[in-house]
Amino acid sequence: DGGITQSPKYLFRKEGQNVTLSCEQNLNHDAMYWYRQDPGQGLRLIYYSQIVNDFQKGDIAEGYSVSREKKESFPLTVTSAQKNPTAFYLCASSSWGPENEQFFGPGTRLTVL
Amino acid sequence: GQSLEQPSEVTAVEGAIVQINCTYQTSGFYGLSWYQQHDGGAPTFLSYNALDGLEETGRFSSFLSRSDSYGYLLLQELQMKDSASYFCAVRNQAGTALIFGKGTTLSVSS
C-alpha cells in the first residue's frame, strides 16, 4: 500500500531534550512538508523540501531542523531551542505542481514534560 | 505574505446544506484548495479551484472568485460523518507549499 508513515503516534520527552520525528513515504513524491498543528491555529508550515538534499524554511522554522538525504524520508528534529514544542506534527508529500494535492501522514503527537 | 480567513465554527443538522467561506490574501495565486480533517486524524484533500466558478464532487462543491479573493465550500445533504474541521489553503509566494487557514469546525447534529 502506498502512503506516508509517521512514527511514533505518541511521543513524550523531557524538557531540554532534542527529539526526532520520522516521516517516510512510498508514493514516489518529490516534495515533502512538515506542519505543526495547535488547537485553533490550523496547520502551520515548519519546513519543506522540493528535492533531495534541499529544503526551505516555512513560517515557523525556529527551533526545528530537517534533513532530506533520501527521496522517501524527511525527518524533523525538534530541538531544545523550540520554546513550546508540545503539539501535533503532520508530515505531507506531493508531486510537483500547484494543482497536486498534498497527502498527509497520521501525525505524531509530541508532549514535552 | 499569505493569509486566509474562515469562520471558526459552523453548526447544522443532518440533511441540511452548509457553506463555509474563505477569503484570502496572497502575493501570488496558484489556486484555492480545501481539506477535511476529522478529530485526531490526518487532513485529506477535498477540492482544488484554479479558475473562477463552481466545481462539484458528489455532495461537496467548491467555488472560487479570483476577483473577490473569495471561495467557499458547499456541503449538501449533511451527514453526521461530515462533522470535522475544514481548511482552505493557498500556495506560498513561490508556489512550493500550501499555507492553511485556521480551519472551520463543522458540527452536524441529528
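Please refer to the structure placed before this passage.
Summarised in this report is the structure supplied together with it. (Residues numbered from 1 in each chain as written. Chains lettered and ligands numbered in written order. Predicted model: local features only at pLDDT ≥ 70, side-chain atom pairs only at ≥ 80, totals over all residues. Heavy atoms only, no water.)

**Focus: the overall build of chain A**
Turning to step 1, where the next piece is worked out: The helix and strand inventory of chain A stands at 0 helices and 11 strands.
Turning to step 2, where the next piece is worked out: Each helix (α) and strand (β) of chain A, taken in turn from the N terminus, gives the series β-β-β-β-β-β-β-β-β-β-β.
Turning to step 3, where the next piece is worked out: Here chain A has a C-alpha radius of gyration of 13 Å; the compact-globule value for 113 residues is 13 Å, and the two agree.
Turning to step 4, where the next piece is worked out: Counting over 113 residues, chain A shows a buried share of 47%.
Turning to step 5, where the next piece is worked out: Taking all contacts inside chain A whose residues are at least 6 apart in sequence as the whole, residues at least 24 apart take part in 52%.
Turning to step 6, where the next piece is worked out: By element, 48% of the accessible surface of chain A is carried by carbon and sulfur atoms, the whole surface being about 5600 Å².
Turning to step 7, where the next piece is worked out: One way to put it: in chain A the 11 positive side-chain charges average out to a point 9 Å from where the 12 negative ones average out. (Helix = DSSP H or I, 4+ residues; strand = E, 2+ residues; numbered from the N terminus. Rg over C-alpha atoms; globule rule 2.2 N^0.38 Å. Buried < 20%, exposed > 50% of the residue type's maximum accessible area, 1.4 Å probe, protein only. Contact = heavy atoms within 4.5 Å. Areas by Shrake-Rupley, 256 points an atom, 1.4 Å probe, with all protein chains shown as cover. Lys, Arg positive; Asp, Glu negative; His and termini not counted. Charge placed at Lys NZ, Arg CZ, Asp CG, Glu CD.)

**Some thoughts on the side chain of B:Gln2**
All names here are of chain B.
Turning to step 1, where the next piece is worked out: Inspection of the secondary structure puts Gln2 in the segment before strand E1 (3–5).
Turning to step 2, where the next piece is worked out: Owing to a relative accessible area of 19%, Gln2 belongs among the buried residues under this scheme.
Turning to step 3, where the next piece is worked out: At a separation of 3.1 Å, a polar atom in the side chain of Gln2 contacts the main-chain carbonyl oxygen of Arg91.
Turning to step 4, where the next piece is worked out: Those residues in contact with Gln2 that lie beyond four places of it in its chain are Gln25, Thr26, Ser27, Gly28, Val90, Arg91, Asn92, Gln93 and Ile99. (Polar contact = N/O pair within 3.5 Å; in protein donor to acceptor, adjacent residues only side chain to side chain.)

**Examining the pattern of salt bridges**
Turning to step 1, where the next piece is worked out: Using the criterion set out here, one finds 5 salt bridges over all chains in the structure.
Turning to step 2, where the next piece is worked out: Between B:Asp82 and B:Arg59 there is a salt bridge, with the nearest N and O atoms lying 2.7 Å from each other. Residue B:Asp82 is located in the loop between strand E8 (70–75) and strand E9 (84–91), and its partner B:Arg59 is located in the loop between strand E6 (53–57) and strand E7 (60–65); the two are separated by 23 residues in the primary sequence.
Turning to step 3, where the next piece is worked out: On the basis of relative accessible area, B:Asp82 is assigned to the buried category, the value being 2%.
Turning to step 4, where the next piece is worked out: Ionic contacts of the salt-bridge type, sharing partners, join the residues A:Arg36, A:Asp38 and A:Arg44 into one network. (Salt bridge = Lys/Arg side-chain N within 4 Å of Asp/Glu carboxyl O.)

**Considering unusual backbone geometry**
All names here are of chain A.
Turning to step 1, where the next piece is worked out: Going from Ser7 to Pro8, the amide bond is cis rather than trans, its omega being -10°.
Turning to step 2, where the next piece is worked out: In this structure, Pro8 sits in the loop between strand E1 (4–7) and strand E2 (10–13).
Turning to step 3, where the next piece is worked out: For Asn28, which is not glycine, the phi torsion reads 60° and is therefore positive.
Turning to step 4, where the next piece is worked out: Within the secondary structure, Asn28 is located in the loop between strand E3 (19–25) and strand E4 (31–38).
Turning to step 5, where the next piece is worked out: For Asn53, which is not a glycine, the phi torsion comes out positive at approximately 65°.
Turning to step 6, where the next piece is worked out: If you trace the backbone, Asn53 turns up in the loop between strand E5 (42–51) and strand E6 (54–57).

**Considering the sheet that holds E6(B)**
Residue and element names in this part refer to chain B.
Turning to step 1, where the next piece is worked out: Read from one edge to the other, the open sheet built from 5 strands follows the order E1-E3-E8-E7-E6, with strand pairing classed as antiparallel. What marks the edges here is a single partner per strand, and that holds for E1 and E6. Across the sheet, the mean angle from the axis of one strand to that of its neighbour is 20°, orientation sign disregarded. (Pairing = 2+ DSSP bridges. Axes fitted to C-alpha atoms, helices over the stretch in contact; angles between N-to-C directions.)

**Quick word on the pairing of E1(A)**
Residues and elements named next belong to chain A.
Turning to step 1, where the next piece is worked out: Covered by surrounding structure in E1 are Ile4 and Gln6 only, the residues Thr5 and Ser7 on the alternate face being uncovered.
Turning to step 2, where the next piece is worked out: Looking at chain direction, E1 and E3 are connected through 4 bridges and run antiparallel. Paired with Gln6 across the bridge in E3 is Cys23.

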